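# Structural overview for review
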Amino acid sequence: MSGIRFALNKRIFRQLLSAAMLLMVGLVSGCMNPAVYDGPNYAQQTINPVVHGRTIGEGSVRVGLLLPLSKLEASQQQAPVAVAQNVSAYPQQTTGTQANEVANLFENAAKMALTDFQGADIQFLVKDTQGTQDGAEAAARAAISEGAELLIGPIYGPAVKGASRIARRAGVPVIGFSSDTNAASQGTYLLSFLPESDVTRIISFAHEQERVSYAAMLPNNSYGAVVEASFRQAVGSFGGRIVTIERYTPGDVDDIRAKASKIGKLASQVDALFIPEGGGVPPFVMQVLTENGASTGSIKILGSGLWNTPDLLKSPVMAGSWFPAPDDQNFKRFAERYQQAYGQVPPRNASLAYDAAILAAGLVRSAGADRFTPRVLTNQDGFLGIDGIFRFRQDGIIQRGLAVYAVSSKGAAKVVSPAPRTFSNHF
């Protein structure tokens, strides 16, 4: 039976991959070896009820698309997934207008996905979460009552939790976009950029390059706490040792200088310094270390996906440093097409909605009645999207195959370790 199942998986993958490759730009964004298992069937509706509100697509399989469509006051909002490749696990404040822009972005990306995936037997039911937990509960309830077998979204952590509460009672899975890992659970999967993926990838690569003694400069906030936990686990799992961890107050130049000076005194004991925050923090830390006479020649500076910005890459002191990020080639092609269709360059997170929509359409085609069961959604072979391979763990956390980049002296980034094509050798 195992041989038959393997052959079936490969056949399904080739069919879906071929369909994706026929797209105008050749984007590969489909399902990767989606296994077909016996299990509970979420296709509960024998007669589809009446749909209220706008929809995308005309297929028979219904999927809720839960987005913050209303322009709420800033005091009522929870922040969306940030534009950067990676984000704090605990988002910042935003305005209602910004939330509405993100909703439009994600809805447009879903429309592109169905345009690309010709003949998809799927229909998205677009529902407004208002960016709140209560609004998400109402949106989830409405989508499920209209026959949704899967919910895509919401975007905000509290909204994901609200929608999940309703969906769990109905036995409907959720693919949310929050970067707050507290929103993940069995049946609620986070298709987002998580700090944990960055930390695991960069420490793994540093270990391969024989780095064994680590220091870290972390912001003293919720994001820093999430990163620290992952950092300690990753270093320990690869047999490294942590010399010191300094926590600084975000935005406090004097405090950052003081903490960087402390690390400088221990520089001779460190061969890798992890500074996950982006912006001006890593260059400033390097400046302080140099001013204090620390010997940084043997220390490799490690970062996160937050580094992938023009300003940081242009900083001369960062040349040679390493950071993880998805392979950008497919996203660049997607961004060009999005700009042609909607007249603006999409932010980096637009790929999330596109991949979620393609994933749902691909599973409808390849997995039949078992399309959204837990064993299919948590298939260990994973899936292939714009940002590379990804898979969901049983607890709802996403694992991504990331590349590692080195900052060049020319203000760019070059790949020093390609993103993996399978999960077999990297997890």
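One can find the structure itself at the top, above this paragraph.
Okay, so let's go over this structure. Owing to the predicted nature of the structure, the values given are computational and were not obtained by experimental measurement.

### A few points about the nonpolar core
Grouped together as the largest cluster of nonpolar side chains are 76 residues, with contacts concentrated most on Ile122, Phe124, Leu151, Ile152, Phe177, Phe334 and Phe392. Here this core gets 13 residues from one element, more than from any other, and that element is helix 11 (residues 350-367). Excluding residues that lie within four positions of it along the chain, Phe392 makes contacts with Ile175, Tyr189, Leu190, Leu191, Leu359, Leu377, Thr378, Phe383, Ile397 and Ile398. Among the nonpolar cores identified, the runner-up in size contains 28 residues, and Ala267, Val281, Phe284 and Val407 belong to it.

### Some details on the packing of helix 7 (residues 253-265) against helix 8 (residues 281-291)
At a minimum axis distance of 9 Å, the contact between helix 7 and helix 8 shows a crossing angle of 55 degrees. By the angle between their axes, helix 7 is oblique relative to helix 8. For the element pair helix 7 and helix 8, the recorded crossing hand is right-handed. Along the contact surface, helix 7 presents Val253, Ile256, Arg257, Ala260, Ser261, Ile263 and Gly264, while helix 8 presents Val281, Phe284, Val285, Val288, Leu289 and Glu291.

### Some thoughts on helix 8
Burial of helix 8 is extensive: eight of the eleven residues sit out of reach of the surface. Among all positions of helix 8, only Val281, Pro282, Pro283, Phe284, Val285, Met286, Val288 and Leu289 are buried. Structurally, helix 8 contributes buried residues whose contacts are with strand 8 (213-219), strand 9 (241-248), helix 7, strand 10 (272-274), strand 11 (300-302) and helix 9 (310-313). Within two residues after helix 8, Gly293 carries a phi angle of roughly 75 degrees, on the positive side.

### Examining the sheet that holds strand 2 (residues 55-56)
The strand order across the open sheet built from six strands is 2-4-3-5-6-7, with neighbouring strands paired in mixed fashion. The open sheet is flanked by strand 2 and strand 7 (188-190), the only strands paired with a single partner. Bridging between strand 3 (residues 61-67) and strand 5 (residues 148-152) involves four bridges; their strand directions are parallel. When the bridges of strand 5 are listed, Val63 appears paired with Leu150.

### Quick look at the side chain of Gln123
Its location among the elements puts Gln123 in strand 4 (residues 122-128). Of note is the side chain of Gln123, whose polar atom sits 3.2 Å from the backbone oxygen of Gly57. In this structure Gln123 touches Val51, Thr55, Ile56, Gly57, Glu58, Gly59, Val61, Arg62 and Val63, once residues within four positions along its chain are discounted.

The rules behind each value
- Residues numbered from 1 in each chain as written.
- Predicted model: local features only at pLDDT ≥ 70, side-chain atom pairs only at ≥ 80, totals over all residues.
- Heavy atoms only, no water.
- Core = buried A, V, L, I, M, F, W, Y, C linked by side-chain atoms within 4.5 Å.
- Buried < 20%, exposed > 50% of the residue type's maximum accessible area, 1.4 Å probe, protein only.
- Helix = DSSP H or I, 4+ residues; strand = E, 2+ residues; numbered from the N terminus.
- Contact = heavy atoms within 4.5 Å.
- Axes fitted to C-alpha atoms, helices over the stretch in contact; angles between N-to-C directions.
- Parallel < 35°, antiparallel > 145°, perpendicular 65-115°, else oblique.
- Left-handed = near helix turned anticlockwise from the far one by under 90°.
- Pairing = 2+ DSSP bridges.
- Polar contact = N/O pair within 3.5 Å; in protein donor to acceptor, adjacent residues only side chain to side chain.

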